[in-house]
Amino acid sequence: MKLLVTGGAGYVGSVCSAVLLDQGHDVTIIDNFSTGNAEAVPEGATLVEGTVEGKAFEVLSSDSFDGVIHFAAMSLVGESVEKPAEYWRNNVGQTLNLLDAMRDTETRNLVFSSSAATYGEPEKTPITEDMPTSPTNPYGATKLAMDYAISSYAKAYNIGATSLRYFNVAGAWGGLGENREVETHLIPLVLQVALGHREKIMVFGDDWPTPDGTAVRDYIHVKDLADAHLLALESNKPGQHRIFNLGSGDGFSVRQVIDTCRKVTGLNIPAEDAPRRAGDPATLIASSARAMQELGWQPQLTDLETIVADAWEYTRALGSRAHSARRKIN
Ligand code: UFG
């Protein structure tokens, strides 16, 4: 397939692009490097530098594309609470531009990177797709708004679309992983402490209604997540918008994640309790039964130790590259 990937220089976008290329697809990436890295653009992909708003129509009208995967978005819960205007303008505005470009060029196959943050604080776990959506932060609200926009465009303009609601993505694949200028995610931060790049990890809240008082999340390996995108693209039907949750189906607390990182790295990782972070829900655990049944998705790397071990291998390699670059400068 000839595919457009927006945000293909970001974490999930780059791994997904690499998986698509590995399976023989033709990949064009639009990325403005606002959070992505040029280094993460996989070899073999065509890169168009710019925003979705500026480039999507130009790219889609230049050739016949079989589908689009839309990752480009701002995606940090805490930041979205502080800068909602940027989240609404960027996430929703750019998506509407992309949908218009798809309608105008008759590109009728879309996979969208949605989020567990659309559900907010769930009434019960695991979360199924028919449960109420009530986001606890602007990030989740923008993802939900985009899901609604996609539903209406799919029906009216005969686009086949799938929203994949990711739970907590982690791990690395094909030499690609989490490498953000400003890191806020738990696993990469804990591993940076292990590497000695940070003094300690702050545990945001020890008074959540969870077994050990720290927040519980469902961690999914980025390679398993990438596989689901291809399955969705291959099975989209014009006029239909489907929604699938993607997680490993098991919840781990912040303390359990830190302990797993200690076990995998064999290193002492200092941690300190801190107040809750604004916008965080207590527990998010996915039911991925619908994706398994309807997409035939079978996650292979669901074990938290495997996810952390892959992230650790990547973080160490990244750390030693940064170290040798610093030595060259000095
Ligand atoms: N946490 C800490 N200390 C840190 C960083 C994080 O205690 O230094 C805690 C957070 O408060 C949260 C948990 O670890 O309870 C996981 O936090 P992350 O920042 O790693 O991930 P989030 O759960 O906030 O969000 C991620 C994605 C979202 C997605 C969500 C769905 O960034 O896009 O998972 O579960 F919506």
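Residue positions are given per chain, counting from 1 as you read along its sequence in written order. Where totals are concerned, whole chains, interfaces and linings use all residues; where local detail is concerned, this predicted model gives features only for residues with pLDDT of at least 70, and gives and counts side-chain atom pairs only at 80 or more. Hydrogen atoms and water are omitted, and side-chain values are computed over all heavy atoms in the structure.

> Describe the domain arrangement of the chain, and please don't skip the residues or the numbers.
Annotation comment: domain bounds sourced from an automatic or database domain assignment. Parsing the chain into structural domains produces domain 1 (2–170 + 220–246) and domain 2 (174–218 + 249–284 + 295–321). Here domain 1 and domain 2 have C-alpha centroids that lie 24 Å from each other. Listed by partner, the interface residues are 37 residues for domain 1 and 27 residues for domain 2. What gets called buried area is simply the loss in accessible area from a 1.4 Å probe that two parts show on being joined, summed for both. Between domain 1 and domain 2 the total buried area reaches about 2,600 Å² when both faces are included, carbon and sulfur atoms providing 64% of it. Throughout this description, the term salt bridge denotes a Lys or Arg side-chain nitrogen within 4 Å of a carboxyl oxygen of Asp or Glu. One can count zero salt bridges joining domain 1 with domain 2. The definition of a polar contact used here is a pair of N or O atoms within 3.5 Å, where within protein one atom must be able to donate a hydrogen and the other to accept one, and adjacent residues in sequence count solely through side-chain atom pairs. Our count for the domain 1 to domain 2 interface comes out at nine residue pairs in polar contact (both at pLDDT 80 or more). When residues of the side of domain 1 that touches domain 2 are traced back to their parent elements, those giving at least two are helix H1 (11–22), helix H3 (77–82), strand E7 (168–170), strand E10 (219–221), helix H7 (222–235) and strand E11 (241–246). In DSSP terms, a helix is any run of H or I states spanning at least four residues, a strand is any run of E spanning at least two, and both are numbered starting from the N terminus. The element best represented in the side of domain 1 that touches domain 2 is H7, accounting for seven residues. Its residues assigned to classes, the side of domain 1 that touches domain 2 comprises 21 nonpolar, 10 polar and six charged. Contacts: residue pairs with any heavy atoms within 4.5 Å of one another. Residue classes follow a fixed rule: Ala, Val, Leu, Ile, Met, Phe, Trp, Tyr, Cys and Pro count as nonpolar, while Asp, Glu, Lys and Arg count as charged, and any other residue, Gly among them, counts as polar.

> Outline helix H6 (residues 186–194), supporting the account with residue identities and numerical values.
For each residue, the accessible area found with a 1.4 Å probe, counting protein chains only, is set against the maximum for its type, and the residue is called buried under 20%, exposed over 50%, and partly exposed in between. Across the nine residues that make up H6, a large majority, nine, are buried. Restricting attention to buried positions, one finds in H6 the residues Leu186, Ile187, Pro188, Leu189, Val190, Leu191, Gln192, Val193 and Ala194. Positioned one or two residues after H6, Gly196 has a phi angle of 85 degrees, which is positive.

> Quick one: what's the story with the sheet that holds strand E1 (residues 2–6), residue by residue and with numbers?
A pair of strands is treated as paired once DSSP finds two or more bridges between them. Taken in spatial order, the seven strands of this open sheet run E3-E2-E1-E4-E5-E6-E11, and their pairing is parallel. Of all strands in the sheet, those with a lone pairing partner are strand E3 (46–49) and E11, marking the two edges. Across this sheet, the average inter-strand angle for adjacent strands is 20 degrees, counted without regard to direction. As paired elements, E1 and strand E2 (residues 26–31) share five bridges and run parallel to each other. Each bridged residue has a counterpart across the sheet, and for Thr6 the counterpart in E2 is Ile30. Note on definitions: angles span 0 to 180 degrees between N-to-C directions of axes, and those axes are lines fitted to C-alpha atoms, for helices only across the stretch in contact. Each of E1, E2, E3 and strand E4 (67–70) is contacted by helix H2 (residues 52–62), which is oriented at about 155 degrees to E2, the strand it contacts most. Taken strand by strand, H7 contacts E1, E4, strand E5 (109–115), strand E6 (160–166) and E11, and its axis lies near 160 degrees from that of E6.

> Give a detailed account of the packing of aromatic side chains, specifying residues and quantitative values.
Aromatic ring pairs are reported here in terms of the distance separating the ring centres and the angle at which the planes meet. Two aromatic rings from Phe, Tyr or Trp, using only the six-membered ring of Trp, form a pair when their centres are within 6.5 Å; if the ring planes differ by under 30 degrees the pair is stacked, by over 60 it is edge-to-face, and anything between is tilted. Tallied over the entire structure, the rule returns two aromatic pairs. With a centroid separation of 6.5 Å and 85 degrees between ring planes, the pair formed by Tyr87 and Tyr139 is classed as edge-to-face. Taken as a pair, Tyr87 in helix H4 (residues 84–105) and Tyr139 in helix H5 (residues 138–157) lie far apart in primary sequence, 52 residues in all. Each member of the pair, Tyr87 together with Tyr139, is buried. It is Arg165 that lies over the ring of Tyr119; its NZ or CZ is 5.0 Å from the centre. Comment: the charge-over-ring label is applied if NZ (Lys) or CZ (Arg) is within 6 Å of the ring centre and within 35 degrees of the ring normal.

> Quick one: what's the story with the side chain of Asn245, residue by residue and with numbers?
The topology assignment puts Asn245 in strand E11. Residue classification places Asn245 among the buried positions, given a relative accessible area of 0%.

> Which residues make up the site of the ligand, and what values go with them?
In the vicinity of the ligand, 24 residues are found, and the nearest of them are Ser115, Asn168, Met202, Arg277 and Asp280. One of the backbone N or O atoms of Leu186 is found 2.8 Å from an oxygen atom in the ligand. Among the elements of the structure, H6 and strand E8 (201–204) are those that each provide at least two residues to the shell around the ligand. Take the shell around the ligand: its biggest share by element is four residues, from E8. A breakdown of the residues in the shell around the ligand according to their chemical character gives 16 nonpolar, five polar and three charged. Counting contributing residues per domain, the shell around the ligand is built from domain 1 (2–170 + 220–246) and domain 2 (174–218 + 249–284 + 295–321), each supplying no fewer than three. Nearness is defined per residue: one heavy atom within 4 Å of the molecule or strand is enough.

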